[in-house]
Amino acid sequence: MPKKNYYFDYAATTPIDPRVIKAMFPYFSDKFGNPSSIHSVGTESLVVLKKCRKILAEALGAADENEVIFTSSATESNNLVLKGIALANKKKGNEIIISPIEHACVFKSAEWLEGQGFKIKFAKVDKYGLVDIEDLEQKINSKTILVSIIHANNEIGTIQDLEKIGKLCRKKGVYFHTDAAQSFGKVAIDVNKMKIDLLTVSSHKMYGPKGVACLYIKKGVKIEPILHGGGQEFDLRSSTINVAGIVGFAKAVEICVKEMKKESAKTIKFRNYIINFVKKNIKGAHLNGHPQKRLPNNINFSFEGIEGESLLMELDRRGIAISTSSACSSAKLEPSRILLAIGLDPFLTQSAIRISLGRMTNKKEINYLLKVLPESIRKLRKMSPFFK
Amino acid sequence: MEYSEKVLGHFKRPSNYGRMKNPDAVGKVGNIVCGDVMWLYIKVGKSASGRKKGEDFIKDIKFETFGCVAAIASSSVITDLAKGKTLREALKISKEDVLKSLKGLPPIKVHCSLLSVDALFDAIYNYLKANKKLIPQNLEKNHSRTQKEKDLIKEKYKKWVKLEETIYKKGKI
Ligand code: FES
């Protein structure tokens, strides 16, 4: 196996930016205080925590820094949104609308709520994964308490028009949540302009540490905590504060905000180069997701006649890391729920791979990928009964 | 997914893959849950000498698999195991034999080894049937099980199976 690893799986997770590690370092030992303690060691941490909250709030366009709470993961944030909103708004109604292409943590939380007597409706999506706004409008009624739509899908990268959905929800008086784990730091987000009530951001998708994320909760939104205890994070998320993680997260956000324009432009150029190369040089390749409205770093192709896992392992053998659909579902046998939801031919759902680019991706790596990819496909097609 | 060195070795350099021209029989099976498909081609000859003189044996064998790493490795192993064996001996090959040759498979992938055995048995079944030879009872049973699943897969991949069949008939390959 080649020693060098060509990493094309930034949508699964990113390495921590060295600048982030540097910022975090003092908070493991020198500045280890618990922000909930009254003494000066604790207060020092509290000051930093406030500063980080402010960085997040500003990056999101939030009016007040106290609209941001820190959690341990996007999964936790999304669980809190679905369960917390459901429990706090039972009096108003019991209907929740999500898209069929949500991340598993939203999907499974909704499924669980269904078991508890809530009603889950699915917004219609087209073949690119774009939510049908008219259909959504029709599905919202007086019993609807929450609409949760993923900003950019983790597998196919399709970006929704949040502003339109936000406006609609505001007009109808229902809470609107978006999971921006994949998009934040890559595409501009403004919770005010987009009329978002709740928004999830994850640190480890944007060169920050794992184990930390945040949830934006607009002032006045009625939500119940799911973790009870010491009352941290405005009584919405009890747990000792992960100061070092939050410091790293905030630093990562600062870098992303500052460098987003330049970085996205570079990534989009690389992305389009790869897509065009594949379309031109590999027969039987189908791009999944929207051709334009997609994440700067997301590429998802189905290659006729080849199973995704085999292609993944053939590339891995040659030092290239990609993924089939999403990293979380790769231990399952069934094809991707997302690809089925956009109505892809079942044969092609078996054959999808995701290539995701990132801050460290360079031309040399791309050239290697584009040399190995066609060779690997050719090899596997020779073994396949389909595509000759 | 943790695959053994053995599995990865077979995946890297599989034995006996590709389409066979003029096979005596083909076994086609699939698994509806994972959607993987395996085709196995055999050429049958008669033993010229020795104890098994006159018995049918697998002279040549090739596979074509649309599937995961474990499916491809199992296909490779089953061709190695079956090649040169008489049909009677080949019918004694079990999924445990395949698993042993592969030094095991992850639990979720054990069914891939069964698929390769099914493909082999299906090919032998089709050979016996086409040549109007006696079909052992458990082979008959195996066949009706795999046939059902194959029909489901064929339905799922209709467009592609049809495409393949037309190309095949035109003799393009
Ligand atoms: S996953 Fe089904 S044959 Fe491998």
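Everything below is about the structure printed above this text.
A brief look at the structure comes next. (Residues numbered from 1 in each chain as written. Chains lettered and ligands numbered in written order. Predicted model: local features only at pLDDT ≥ 70, side-chain atom pairs only at ≥ 80, totals over all residues. Heavy atoms only, no water.)

## Remarks on the sheet that holds strand β9 (residues 285-287) of chain A
Residue and element names in this part refer to chain A. Spatially, β9-β10-β12 is the arrangement adopted by the three strands of the open sheet, whose pairing is antiparallel. The open sheet terminates on both sides in strands that have one partner only, identified here as β9 and β12 (352-356). Pairwise comparison of adjacent strand axes, ignoring direction, gives a mean angle of 30 degrees for this sheet. Across three bridges, β9 lies against strand β10 (residues 298-303) in antiparallel orientation. Paired with H286 across the bridge in β10 is S302. Helix α8 (residues 243-281) rests against β9 and β10 of the sheet, and its axis sits at about 15 degrees to β10. (Pairing = 2+ DSSP bridges. Helix = DSSP H or I, 4+ residues; strand = E, 2+ residues; numbered from the N terminus. Axes fitted to C-alpha atoms, helices over the stretch in contact; angles between N-to-C directions. Contact = heavy atoms within 4.5 Å.)

## Examining the sheet that holds strand β2 (residues 37-46) of chain B
Residue and element names in this part refer to chain B. Read across the open sheet, the three strands follow the order β1-β2-β3; overall the sheet is antiparallel. Two strands in the sheet have a free side with no partner beyond their single neighbour: β1 (25-30) and β3 (56-66). Looking at each pair of strands side by side, their axes are set apart by 20 degrees on average, direction ignored. Where β1 meets β2, six bridges bridge the pair, whose relative direction is antiparallel.

## Looking at the nonpolar core
One finds A:F303 and B:L120 to be the most contacted residues of the largest nonpolar core, which totals 70 residues. When residues in this core are grouped by element, the largest group, eleven residues, is from helix α5 (residues 110-130) of chain B. When neighbours within four sequence positions are excluded, A:F303 is seen to be in contact with A:V278, A:I282, A:G284, A:A285, A:L311, A:S351, A:I353, A:L373, A:I377 and A:R381. A:I150, A:I246, A:A352 and B:M20 belong to the second-largest nonpolar core, a separate cluster that totals 66 residues. (Core = buried A, V, L, I, M, F, W, Y, C linked by side-chain atoms within 4.5 Å. Buried < 20%, exposed > 50% of the residue type's maximum accessible area, 1.4 Å probe, protein only.)

## Re the interface of chain B and chain A
In this assembly, 34 residues from chain B lie in contact with 30 residues from chain A. Summing the contributions of chain B and of chain A, the shared interface buries around 2,700 Å²; its carbon and sulfur component is 68%. The largest share of the area that chain B buries against chain A comes from B:F11, B:F66 and B:W160, three residues that together contribute 27% of it. Taken together, chain B and chain A are joined by two salt bridges. For the salt bridge of A:E309 with B:K109, the shortest nitrogen-to-oxygen distance reads 3.0 Å. For the side of chain B that touches chain A, the secondary-structure elements that each account for two or more residues are α1 (5-12), β2, β3, α2 (69-82) and α7 (158-169) of chain B. For the side of chain B that touches chain A, the residue count by class is 21 nonpolar, five polar and eight charged. (Buried area = accessible area lost by both parts, 1.4 Å probe. Salt bridge = Lys/Arg side-chain N within 4 Å of Asp/Glu carboxyl O. Nonpolar A, V, L, I, M, F, W, Y, C, P; charged D, E, K, R; others polar.)

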